[in-house]
Amino acid sequence: MSGILSPTSSIMEDENPGAEIMPEQILNTLDELNKKELKRFKSILQQPTDIRRLPTLKWKNLKKRKTIKKTNLEKAKTIEKTNLEKAKTIGKKNLEKVKSIDVADLMLQTYTHNRCLEVTYQILKKIKRKDLRQKLIDAQKEELKRIEAEVDQMIHDTGVQIREIKESVKISKDAADREKAEGVEVFTALKESAERGLKELIKEIEDKQKTEEKKTKDWIKYLQQEIHELSGTNLFSPSNLLQSFPSLKAAPPTKDLTEVRVRPPTYKGTVVRAVAQLENKLRKSIQEIMDAEMKRVQKFAVDVSLDPDTAHPYLILSVDGKQVNVGEVEYHLPGNPKRFSESLAVLGRQSFSSGRFYFEVQVKGKTGWVLGVASESIDRKGEIKLSPKNGYWTVRLKNRNNYKACADPPVRLHLHPGPEKVGVFVDYEEGQVSFYDVDGLIYSFTGCCFTEKLYPYFSHYDNVGGENSAPLIICPVNQADCSSDCSSDEELIFS
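Residues numbered from 1 in each chain as written. Predicted model: local features only at pLDDT ≥ 70, side-chain atom pairs only at ≥ 80, totals over all residues. Heavy atoms only, no water.

### Overview of the overall build of the protein
And then number 1: Regarding its fold elements, the protein presents 11 helices and 14 strands.
And then number 2: Put simply, of all contacts in the protein between residues at least 6 apart along the chain, 72% involve residues at least 24 apart.
And then number 3: By element, 53% of the accessible surface of the protein is carried by carbon and sulfur atoms, the whole surface being about 31100 Å². (Helix = DSSP H or I, 4+ residues; strand = E, 2+ residues; numbered from the N terminus. Contact = heavy atoms within 4.5 Å. Areas by Shrake-Rupley, 256 points an atom, 1.4 Å probe, with all protein chains shown as cover.)

Written out as structure tokens, the structure reads:
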């Protein structure tokens, strides 16, 4: 903006396009005045109400740009209407025996930059310094050109940003389409497998039934033939009696049919076997899906180490910061607001506030542990309730086989056998925290709203009777097993 403003104008009004060049330009202008001109300049400066308003410099190009907001147009205007009558005057005593730099300084202290420019312009007109007036106008024009270039760049940058957003939406849509296609493919395959299993089951039962029906028909035919043969022999005819009388031969031989039985077929176990076969197929398909999922999340593996400044005084950390165990004595440590005071917990050194990350922890041989992530602002003093609303997204094992996801409310997990290694995956933007073992997904927190840094969280339950003596070990991803050998001289002893 440009124009005559009152000295009480707000700072926002002073943040105009020409403000950066005004102080220097006004000083340069006053330096070019001779003593007589400067004296007259100071004299006229004491009566600013006699000065006409500075002509408005229009910026036609900006007005034609529909993409620029109204507020930007307002900032781009060089003249703002104001009442000169309300302006303060600079007293005579302030102007006596002062140099040009002092005049400029006094004007800038008394008026806004905009008003200084206009007053200077009008006084130069009165003292007939048209050349200096033109310099001021040229300076403003140059400033407007600079602003126009900045606006053009802003429009360009905004266009680039819009294209990037559109591209991001397209990428997101493509990813969603691929995920849907993969889901349809998987579930279609499972459906087809189930349908094939059902068809095979029905065919097996029908084939068995047909076989039994054929056996039954064959027995019936055989028995009917026996009946026919027996019915064709008349033992009481005269010829048979005369022929058989002398010898009294025995009756015609017949087959023993007492053992002939038609037992109904049994179908017990047929359905069970079919379901078991389908289950094996489904388990194989599910394992393939989980293997692909594990490969996906493991791509985001990060190097995580333990932060001794947060560790509870009972905990012992290895020198490399990869192992934690619970000791038998409490170390006397200096006060630290970061340190856990009651919970046998420790955080990772690394924090994450965007993107995705994954790490694995060996829990082999342990009867109790807690793993997950925690917000930076969690309460670390006193008793802690693990839940998302308190800034914890964790899964825990207690009493050897009591697995739970520490949600609101807690969710019982049926893991048999329990995992020997647990993977933790976080997608910050998607609000997801997932836990994995070698067989696949254990549990997922979804729909989370992360607003601060997240830290890996490790907690070690008490080692009662030595049953929970195995350490928690941060492992490199894809490593089959982690060494838990940690000699006393390798431990980090707090002091």
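### Concerning the environment of Ser-351
And then number 1: Along the polypeptide, Ser-351 turns up in the loop between strand S3 (345-347) and strand S4 (356-362).
And then number 2: Sequence separation of Ser-351 and Val-304 is 47 residues, and the distance between their C-alpha atoms is 9.3 Å.
And then number 3: Beyond its immediate chain neighbours, meaning those up to four positions away, Ser-351 contacts Lys-453, Leu-454 and Tyr-455.

### Considering helix H8 (residues 113-126)
Helical geometry note: an α-helix holds 3.6 residues per turn, so side chains three or four residues apart project in the same direction.
And then number 1: Its 14 residues give H8 an end-to-end C-alpha distance of 20 Å, which sits within 8% of 20 Å, the value for a rise of 1.5 Å per residue.
And then number 2: The element H8 is extensively covered by neighbouring structure, given that 12 of its 14 residues are classed as buried.
And then number 3: Of the residues trailing H8, Lys-128 is marked for its positive phi of about 60°. (Expected span 1.5 Å × (residues − 1). Buried < 20%, exposed > 50% of the residue type's maximum accessible area, 1.4 Å probe, protein only.)

### Focus on the packing of H8 against helix H9 (residues 130-231)
And then number 1: It is the contact of H8 with H9, at a shortest axis distance of 8 Å, that shows an interaxial angle of 150°. Here H9 runs roughly antiparallel to H8, going by the angle between their axes. Here H8 runs over H9; the crossing is left-handed. For the pair H8 and H9, contact is made by Leu-117, Thr-120, Tyr-121, Leu-124 and Lys-125 and by Leu-132, Arg-133, Leu-136, Ile-137 and Gln-140, respectively. (Axes fitted to C-alpha atoms, helices over the stretch in contact; angles between N-to-C directions. Parallel < 35°, antiparallel > 145°, perpendicular 65-115°, else oblique. Left-handed = near helix turned anticlockwise from the far one by under 90°.)

### Some words on the packing of aromatic side chains
Two aromatic rings are characterised by how far apart their centres lie and by the angle between their planes.
And then number 1: Evaluation of the coordinates by the stated rule reveals 11 aromatic pairs.
And then number 2: Taking the centre distance of 5.0 Å and the plane angle of 80° together, the rings of Trp-393 and Phe-450 count as edge-to-face. Of this pair, Trp-393 sits in strand S6 (residues 392-398) while Phe-450 sits in the loop between strand S11 (440-445) and strand S12 (454-460), and the two are 57 residues apart along the sequence.
And then number 3: Between Tyr-428 and Phe-450, the ring centres sit 5.3 Å apart and the planes meet at 45°, which makes this aromatic pair tilted. Within this pair, whereas Tyr-428 is found in the loop between strand S9 (421-427) and strand S10 (432-437), its partner Phe-450 is found in the loop between S11 and S12, the two being separated by 22 residues in sequence. In terms of burial, Tyr-428 and Phe-450 fall into one category: buried.
And then number 4: An aromatic cluster of three or more residues is present, and its members are Phe-340, Tyr-392 and Tyr-457. (Phe/Tyr/Trp six-rings, centres within 6.5 Å; stacked < 30°, edge-to-face > 60°.)

### A look at the confidence of the model for the protein
And then number 1: Overall, the predicted model of the protein reaches an average pLDDT of 77, with 74% of residues at or above 70.
And then number 2: Within the protein, strand S5 (residues 369-375) carries the highest mean pLDDT (97), whereas helix H1 (residues 11-14) carries the lowest (34).
And then number 3: In the predicted structure, residues 1-20 sits below a pLDDT of 50 and forms 61 contacts with residues beyond four places in sequence or in another chain.
And then number 4: Counting interchain partners and residues more than four positions distant, the pLDDT-below-50 stretch residues 485-495 has 26 contacts. (pLDDT = per-residue confidence, 0-100.)

### Things to note about the sheet that holds S12
And then number 1: Strand order in the open sheet made by the six strands is S3-S12-S5-S6-S7-S8, with antiparallel pairing throughout. Each edge of the sheet is formed by a strand with only one pairing partner; in this case those strands are S3 and strand S8 (411-413). Here the strands of the sheet are splayed against their neighbours by 20° on average, with no regard to which way each runs.
And then number 2: Pairing of S5 with S12, which is carried by seven bridges, proceeds in the antiparallel orientation. For Val-370, the partnering residue across the bridge sits in S12 and is Ser-459. (Pairing = 2+ DSSP bridges.)

### Remarks on the pattern of salt bridges
And then number 1: By the definition in use, this model includes 15 salt bridges.
And then number 2: The residue Glu-32 makes a salt bridge to Lys-135 at a minimum N-O spacing of 3.0 Å. In this pair, Glu-32 is assigned in the loop between helix H2 (22-31) and helix H3 (35-45) and Lys-135 in helix H9, connecting sequence segments 103 residues apart.
And then number 3: Lys-135 gets classed as partly exposed once you look at its relative accessible area, which sits at 39%.
And then number 4: Between Arg-356 and Asp-427 there is a salt bridge, with the nearest N and O atoms lying 3.1 Å from each other. Highlighted residues: Arg-356 in strand S4 and Asp-427 in strand S9, separated in sequence by 71 residues.
And then number 5: By relative accessible area, Asp-427 is classed as buried at 6%. (Salt bridge = Lys/Arg side-chain N within 4 Å of Asp/Glu carboxyl O.)

### Overview of the pairing of S5
And then number 1: Across the seven residues that make up S5, a large majority, seven, are buried.
And then number 2: Residues of S5 alternate between two faces, with Trp-369, Leu-371, Val-373 and Ser-375 on one and Val-370, Gly-372 and Ala-374 on the opposite face, all of them buried.
And then number 3: In this sheet, S6 lies alongside S5 in antiparallel orientation, the contact comprising six bridges. From the neighbouring strand, Val-370 faces S6, where its bridge partner is Arg-396.

### Let's talk about the pairing of S12
And then number 1: Burial within S12 is extensive, with seven of its seven residues counted as buried.
And then number 2: Relative to S12, S3 runs antiparallel, the two being bridged by three bridges. Bridging across to S12, Val-346 finds its partner in Phe-458.

### Points about a positive patch on the surface
And then number 1: A cluster of basic residues, Lys-36, Arg-40, Lys-125, Lys-126 and Lys-128, forms a positive patch on the protein surface.
And then number 2: On the basis of relative accessible area, Lys-125 is assigned to the partly exposed category, the value being 33%. (Patch = residues over 30% accessible without salt bridge, like charges linked within 9 Å, V, L, I, M, F, W, Y side chains within 5 Å. Lys, Arg positive; Asp, Glu negative; His and termini not counted. Charge placed at Lys NZ, Arg CZ, Asp CG, Glu CD.)

### Quick notes on the nonpolar core
And then number 1: Residues Trp-369, Val-433, Phe-445 and Phe-458 are the most contacted members of the largest nonpolar core, which totals 40 residues.
And then number 2: For Phe-445, the residues in contact, after removing those within four places along its chain, are Pro-388, Trp-393, Thr-394, Ala-405, Cys-406, Ala-407, Gly-431, Gln-432, Val-433 and Phe-435.
And then number 3: By size, the runner-up hydrophobic cluster in this structure holds 21 residues, among which are Ile-26, Leu-30, Val-119 and Ile-123. (Core = buried A, V, L, I, M, F, W, Y, C linked by side-chain atoms within 4.5 Å.)

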